[in-house]
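Residues per chain, in single letters:
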Amino acid sequence: MIRLSIPLRQALSRLTMPVLIAAAFGTMLLGKADTVLVERGRMVLADTLAPIYAVVSEPMGALRDAVQDLRYLAAMRAENERLRDENERLHRWQAAALAMEAENGLLRRQLHYMPEAQASFHTARVVADAGGTYARAVLLSVNPGVTLRKGQVALDERGLAGRVTEVGNRSARVLLVTDMNSRIPVVLEGSRSRAMLAGTNGQRPRLQHWPEGQPPQNGERVVTSAEAGVFPAGLPVGVVRWSEGGAPEVELYARLDRLDLLRIFDFGLTGILPPEAVARPEPRPRR
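Everything numeric here is computed off the predicted structure, so don't read it as measured data.

Scoring rules and cut-offs
Residues numbered from 1 in each chain as written. Predicted model: local features only at pLDDT ≥ 70, side-chain atom pairs only at ≥ 80, totals over all residues. Heavy atoms only, no water. Salt bridge = Lys/Arg side-chain N within 4 Å of Asp/Glu carboxyl O. Helix = DSSP H or I, 4+ residues; strand = E, 2+ residues; numbered from the N terminus. Phe/Tyr/Trp six-rings, centres within 6.5 Å; stacked < 30°, edge-to-face > 60°. Buried < 20%, exposed > 50% of the residue type's maximum accessible area, 1.4 Å probe, protein only. Lys NZ or Arg CZ within 6 Å of the ring centre and 35° of its normal. Polar contact = N/O pair within 3.5 Å; in protein donor to acceptor, adjacent residues only side chain to side chain. Contact = heavy atoms within 4.5 Å. Pairing = 2+ DSSP bridges. Axes fitted to C-alpha atoms, helices over the stretch in contact; angles between N-to-C directions.

(A) Molecular detail of the pattern of salt bridges. For the coordinates displayed, the defined rule picks out twelve salt bridges. The closest approach of N and O atoms between Glu-249 and Arg-206, which form a salt bridge, is 3.7 Å. In this pair, Glu-249 sits in strand E11 (residues 248–252) while Arg-206 sits in strand E8 (residues 206–208), placing the two residues 43 residues apart along the sequence. Here the salt bridges do not stand alone but share partners, grouping Glu-79, Arg-82 and Glu-86 into one network.

As structure tokens, this is what we get:
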């Protein structure tokens, strides 16, 4: 090992920075003077270091892939646990459904149940938000040859939307369940209590006239009642939600704010006939 004197080492340390600066300027001048030579030198250096980079990058890439595989396996394990639990729940529900299906079939046979006829329907497109006399109504465009009549039930893909109130040659008007003139007999599925669904011109109609001592429960499902022969029983309407003012309202299944297509069902019901169809009683002769 070569030992240098202290003054020589101090001189070399003072010369290091000027020498590096001069080398940098020299390299810049050389690059400006002979670009071809600099490019060749850069490529020679790149060719020399490329195999080293490749050797170094292989274990880094393998380590990165291993980490991703571990994360994927952990996520797959959690997903498998979730699917296993869900599969167990579905098996339990399947067993319950099979038992209920067998019991339902037995009760149908014992009661000589006659299934209801399949309801026919026509699909119509909503073309306008009809106002005027009704605050909450929509106008449907009806294809030629399609015959609709007053009282038919309108549903979207989620639930009850309204009822046909006016019929033209190529159009029909549907009174929505949120209109203040709408009154629908309903059943609360949890308690089997009957009530009246009244429109308020707001987003949620209200429940009225439920049995005393059996108020609607929050989250209880609401379906139509067959009373008065207006609606068939069991059409999905919505879920009970108590308002901040303490009034039971129904959060509708149907999306009345984005109606595009409505299915108009003919259940063959004749409840609440139009005034022109009601026969007036004959006057009694005086005695």
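(B) Layout of the packing of aromatic side chains. Counted by the stated rule, this structure contains two aromatic pairs. Residues Phe-265 and Phe-267 carry aromatic rings whose centres are separated by 5.5 Å and whose planes lie at 15° to one another, so their mutual orientation is stacked. For Phe-267, a relative accessible area of 30% translates into the label partly exposed. Aromatic rings pair up to connect Phe-121, Phe-265 and Phe-267 into one cluster. Against the face of Phe-231 rests Arg-163, its NZ or CZ located 5.5 Å from the ring centre. Across the ring face of Phe-121, the terminal group of Arg-263 is positioned such that the distance to the ring centre comes to 5.9 Å.

(C) Representation of the side chain of Ser-193 in the model. In this structure, Ser-193 sits in strand E7 (residues 193–198). Accessibility expressed as a relative area gives 3% for Ser-193, which makes it buried. Looking at Ser-193, its side chain comes within polar contact range of the side chain of Gln-214, at 2.7 Å. Those residues within four positions of Ser-193 in sequence are excluded, and the remaining contacts are Val-186, Val-187, Leu-188, Pro-211 and Gln-214.

(D) Layout of unusual backbone geometry. In this structure, Asn-201 is a non-glycine residue whose phi angle is positive, near 65°. With respect to the secondary-structure elements, Asn-201 resides in the loop between E7 and E8. Although it is not a glycine, His-209 sits at a positive phi angle of roughly 60°. Within the secondary structure, His-209 is located in the loop between E8 and strand E9 (221–224).

(E) The arrangement of the environment of Trp-242 in detail. Looking at where Trp-242 falls in the secondary structure, it is placed in strand E10 (residues 236–242). Setting aside anything within four residues of it in sequence, one finds Trp-242 in contact with Pro-215, Pro-216, Gln-217, Asn-218, Ala-247 and Pro-248. Engagement of the side chain of Trp-242 in a polar contact is seen with the backbone oxygen of Pro-216, the distance being 2.9 Å.

(F) Local environment of the sheet that holds strand E12 (residues 261–266). Pairing in this closed barrel of six strands is antiparallel, and the strands run E1-E2-E5-E4-E3-E12 around the ring. Going from strand to strand, the sheet's axes swing by 45° on average, the running direction of each strand aside. Strand direction decides the pairing type here: strand E1 (residues 120–128) and E12, joined by six bridges, are antiparallel. Following the sheet pairing, Ala-124 is matched in E12 by Leu-262.

(G) Quick look at the side chain of Ser-225. Along the chain, Ser-225 falls in the loop between E9 and E10. A relative accessible area of 1% means that Ser-225 is categorised as buried. A polar side-chain atom of Ser-225 sits 3.3 Å from the main-chain amide nitrogen of Glu-227. Apart from residues lying up to four places away in sequence, Ser-225 is in contact with Pro-185, Val-186, Val-187, Arg-194, Phe-231, Pro-232 and Ala-233.

(H) Highlighting the pairing of E11. E11 sits mainly inside the fold: four of its five residues count as buried. Summarising the sheet, E10 and E11 pair through five bridges and their orientation is antiparallel. Bridged to Gly-238 within E11 is Leu-252. Remark: five residues form the turn of the hairpin made by E10 and E11, two consecutive strands paired antiparallel; Gly-246 in that turn has positive phi of roughly 85°.

(I) Geometry of the pairing of E10. The pairing of E9 with E10 spans three bridges and is classified as antiparallel. Bridged to Val-222 within E10 is Gly-238.

Remember, this is a structural readout, not a statement about activity or role.
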